[in-house]
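Next come the chains, spelled out residue by residue.
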Amino acid sequence: MIRTFIKNLFTTFIISLIISIAAICLLYAVSKKGDYAHAVPIIIMGAVYLNVMLLLLSSPVLFVSFPKIMSNGIARFLLYFSGPLVFILTSLSLPSTSDRKIYLLTGIIYIIIHAVFYYKIIKTTAK
C-alpha cells in the first residue's frame, strides 16, 4: 500500500508541475510584464521549487498506509490534505503581490490533483 502512496505522490508532483508551469506562463503572458523568452526558465525553476515544497508538505500521506489511520476517515483526510492546505493558507497571508497569485495558483492546482488521487484511493479501498 505504501508503494501506491509514493507512486501517487510523485505522479501528483509531475502532473502538477506540468500544469502549473503552463498556468504560470499563461498568467505571465497575459500580464505582459516583459521579455517572455527570458522569463520562461525563471518560471520553470519557480514552479519546480513550489511543487517540491508541496511534495515535501504532502509527505505525511505515507502514514495513511497504516491500517488504523486508513480506517479512521478524519485522520486519513487530515494527513492527506494538511500540507497543501497549510501552503494555501500561508499564501493567503502574504501581502498582495504578484507572487501571491502564483503561490495560490500552484497550491490550488496541486490540491486538485492530490484530491483526485485521494478519491481513487478511497474508491479502491472501499471495495
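Just above sits the structure.
Residues numbered from 1 in each chain as written. Predicted model: local features only at pLDDT ≥ 70, side-chain atom pairs only at ≥ 80, totals over all residues. Heavy atoms only, no water.

S.K.: What should I look at first to understand the packing of aromatic side chains in this one?
M.R.: Going through the model one piece at a time under the given rule, you end up with seven aromatic pairs. Taking 4.9 Å as the distance between ring centres and 50° as the angle between the ring planes, the aromatic pair formed by Tyr80 and Tyr118 counts as tilted. Of this pair, Tyr80 sits in helix 4 (residues 73-92) while Tyr118 is found in helix 5 (residues 98-126), placing the two residues 38 residues apart along the sequence. Owing to a relative accessible area of 1%, Tyr80 belongs among the buried residues under this scheme. Grouping aromatic residues by their ring pairs yields a cluster made of Phe77, Tyr80, Phe81 and Tyr118. (Phe/Tyr/Trp six-rings, centres within 6.5 Å; stacked < 30°, edge-to-face > 60°. Helix = DSSP H or I, 4+ residues; strand = E, 2+ residues; numbered from the N terminus. Buried < 20%, exposed > 50% of the residue type's maximum accessible area, 1.4 Å probe, protein only.)

S.K.: I tried to follow the side chain of Thr106 on my own but got confused; where do I start?
M.R.: Here Thr106 shows up in helix 5. A polar contact of 2.9 Å, which involves the side chain of Thr106, links it to the backbone oxygen of Ile102. Ignoring anything within four residues of it in the chain, the contact list for Thr106 reads Ser16, Ser20, Ile24, Leu50, Asn51 and Leu54. (Polar contact = N/O pair within 3.5 Å; in protein donor to acceptor, adjacent residues only side chain to side chain. Contact = heavy atoms within 4.5 Å.)

S.K.: Please clarify how the packing of helix 2 (residues 36-57) against helix 4 should be interpreted in this entry.
M.R.: How two helices sit against one another is set out by the angle between their axes and by the gap between those axes. Running from amino to carboxyl end, helix 2 crosses helix 4 at an angle of 135°, the nearest separation of the two axes being 7 Å. With respect to helix 4, the axis of helix 2 lies oblique. Between helix 2 and helix 4, the residues in contact are Leu50, Met53, Leu54 and Leu57 and Gly83, Pro84 and Phe87, respectively. Across the contact of helix 2 with helix 4, the residue classes tally to six nonpolar, one polar and no charged. (Axes fitted to C-alpha atoms, helices over the stretch in contact; angles between N-to-C directions. Parallel < 35°, antiparallel > 145°, perpendicular 65-115°, else oblique. Nonpolar A, V, L, I, M, F, W, Y, C, P; charged D, E, K, R; others polar.)

S.K.: Would you take a moment to explain the nonpolar core for this structure?
M.R.: For soluble globular proteins, the rule of thumb is that nonpolar side chains tend to be buried together. Counting 29 residues, the largest nonpolar core has Phe5 and Tyr80 as its most contacted members. Those elements that provide at least two residues to this core are helix 1 (2-31), helix 2, helix 4 and helix 5. Contacts of Phe5, omitting those with residues within four sequence positions, involve Val61, Leu62, Val64, Ser65, Met70, Tyr80 and Ile121. (Core = buried A, V, L, I, M, F, W, Y, C linked by side-chain atoms within 4.5 Å.)

S.K.: Honestly, the side chain of Asn8 in this entry has me stumped. Any pointers?
M.R.: With respect to the helices and strands, Asn8 occurs in helix 1. Filtering out sequence-adjacent residues up to four positions away, Asn8 remains in contact with Phe117 and Ile121.

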